[in-house]
Amino acid sequence: MIAAAKMPLIDDTYCLPSNLPNTPEMHSTTSSQTSHAISLTLFCKVVDNYGDIGICWRLARQLAHEHGVAVTLWVDDLASFRSICPEVDSSADVQDVQGIAVQHWRDQNGVFAAGDVADIVVEFFACDIPPGYIKAMSECAPRPVWLNLEGLTAETWVEGCHTLPSPHPQLPLTKYFFFPGFNRRTGGLQLESGLIAQREAFLADPRAASDFLAQFGVTETEMRALKVSLFCYPQAPIAALFAAWQASGQAVLCLVPEGVGGDAVTDFLGQPSTAGAHATRGALTVRVLPFVPQPDYDKLLWACDVNFVRGEDSFVRAQWAAKPFIWHIYPQDENLHHVKLKAFLSTSPAATPSLTALALAWNGATGDGIDIAALWRNMQADLPNIARLSMDWERVLLANGDLATNLLKFAETVPPRV
Ligand code: TRH
């Protein structure tokens, strides 16, 4: 291994010594890169749902495909991984997925040697990495760059914590906090280099959205409706919103992934909410979609006029779709999530008063007796304005660079650890 501080991490002309550890043959590099890629190991524990693996998988792919990094992804829940990436074999201990070495992380008892340790080690969301791996890290010369990739929030305190060192209490190791965020004092957001161009090409093609949605049974008539994607937690006031759309003067097509929306969706459909199920009542048509691979989820967001998103990763993707969106934030104890929600709503210019009012109500951050129908009507009238402001917000975000590049740049600045 070579000191990360001495290597030009984001320059694809780098060349490392041949004794680099943990560079499995299964890793591919792009033609412009040397055969000795920087290695990075990413540890992901799936707490629930799809966001943990969604974020880690996106980062792994970008580091490998755009930066030529030899990535190993340790993940404890291959079934969740398979939901967003169907080529994953949920029974394999080790596998190559799109040039990334995927290891099934079964427990904390792994035995590791210094030679197993990557140049950069990233733990996602402070997951405890195996003690044996940490010990092996401490035995490396030089020791790896160790980062804790934290969760996304627009709260200003992250700016003071981003890149802060945290020395290990016993071992000669230092871990650094790395925070995603919405300005240059943070690590920025995940963004693949070609994404905006792909989106623009999709939107410029008059057939792209209808061809994409046709695979889910969406008809040409339904394409003329206001198209809404709905990805949220069960606590959202979905039934009230459905009632508002049903009574609306404009046709609404709501596309909801299988398993999302709970009773409100099954009640509306009058049948189980399995992929392919659909029903129309009044002005509203609801269609249940299968869970699509991650890149197709972007297309779904691009194809819709309004997106309801949740958690962290779909929330970020909605911002790169640059369409009006309502965020259902992951619920936390003592309504901590309301603080985070409000921090974001006061940061983005696209959070107009009408959008903010609906977002607060959607997240239960306002009192009882809220008239969801009235809030929706106000926001609907404001959609052209919100769409314009969403493009302004995108320009602000683009100026921060992308998280994968910022992470590698930061790793390059970490002092040598010999
Ligand atoms: O699934 P989420 O609610 O995930 C999380 C977790 O709950 C996690 O513990 C918590 O830390 C985090 O939220 C804040 O929402 P999220 O983050 O939007 O992740 C969903 C992922 O699933 C995202 O990568 C997009 C992807 N996805 C698909 O690939 N296909 C689909 O059809 C859909 C609907 C989503």
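Scoring rules and cut-offs
- Residues numbered from 1 in each chain as written.
- Predicted model: local features only at pLDDT ≥ 70, side-chain atom pairs only at ≥ 80, totals over all residues.
- Heavy atoms only, no water.
- Salt bridge = Lys/Arg side-chain N within 4 Å of Asp/Glu carboxyl O.
- Helix = DSSP H or I, 4+ residues; strand = E, 2+ residues; numbered from the N terminus.
- Near = heavy atom within 4 Å.
- Polar contact = N/O pair within 3.5 Å; in protein donor to acceptor, adjacent residues only side chain to side chain.
- Areas by Shrake-Rupley, 256 points an atom, 1.4 Å probe, with all protein chains shown as cover.
- Nonpolar A, V, L, I, M, F, W, Y, C, P; charged D, E, K, R; others polar.
- Domains from an automatic or database assignment.
- Contact = heavy atoms within 4.5 Å.
- Buried area = accessible area lost by both parts, 1.4 Å probe.

Another point: the pattern of salt bridges. This model, assessed by the stated rule, comprises 16 salt bridges. Across the pair aspartate 296 and lysine 299 runs a salt bridge whose closest N-O atoms are separated by 3.9 Å. Taken together, the residues aspartate 296 and lysine 299, both in helix 10 (residues 294-303) and three residues apart, mark about one turn of the helix. In this structure, arginine 317 and aspartate 298 form a salt bridge, with 2.9 Å as the shortest nitrogen-oxygen distance. In this pair, arginine 317 is assigned in helix 11 (residues 313-321) and aspartate 298 in helix 10, connecting sequence segments 19 residues apart. The network of salt bridges with shared partners includes Arg58, Glu192, Asp298, Asp313 and Arg317.

This part is about the site of the ligand. Of all residues adjacent to the ligand, which total 23 residues, the nearest are Asp48, Tyr233, Val292, Asp313 and Ser314. Contact between the ligand and tyrosine 50: an oxygen atom at 3.0 Å from a main-chain N or O atom of the residue. The separation between a nitrogen atom of the ligand and a polar main-chain atom of valine 292 is 2.6 Å. Its free accessible area being 710 Å², the ligand has 96% of it covered by the protein chains. When contributions to the shell around the ligand are tallied by element, the ones reaching two or more residues are helix 1 (51-67), helix 10 and helix 11. Looking at the shell around the ligand residue by residue, the class counts come to twelve nonpolar, six polar and five charged. Taken domain by domain, the makeup of the shell around the ligand includes at least three residues from each of domain 1 (24-189 + 400-413) and domain 2 (195-398).

Along its sequence, the chain is carved into domain 1 (24-189 + 400-413) and domain 2 (195-398). Centre-to-centre, using C-alpha coordinates, domain 1 lies 30 Å away from domain 2. At the interface, 22 residues of domain 1 touch 25 residues of domain 2. Summing both partners gives a buried area of about 2000 Å² for domain 1 against domain 2, and 57% of it is carried by carbon and sulfur. Area buried by domain 1 at its contact with domain 2 is led by Arg58, Phe182 and Leu189, which between them contribute 29% of it. Taken together, the connections running from domain 1 to domain 2 amount to one salt bridge. As a salt-bridge pair, arginine 58 and aspartate 313 come within 2.8 Å of each other at their nearest N and O atoms. Counting the contacts that link domain 1 with domain 2 gives nine residue pairs in polar contact (both at pLDDT 80 or more). Of all the secondary-structure elements, those providing two or more residues to the side of domain 1 that touches domain 2 are helix 1 and helix 2 (78-84).

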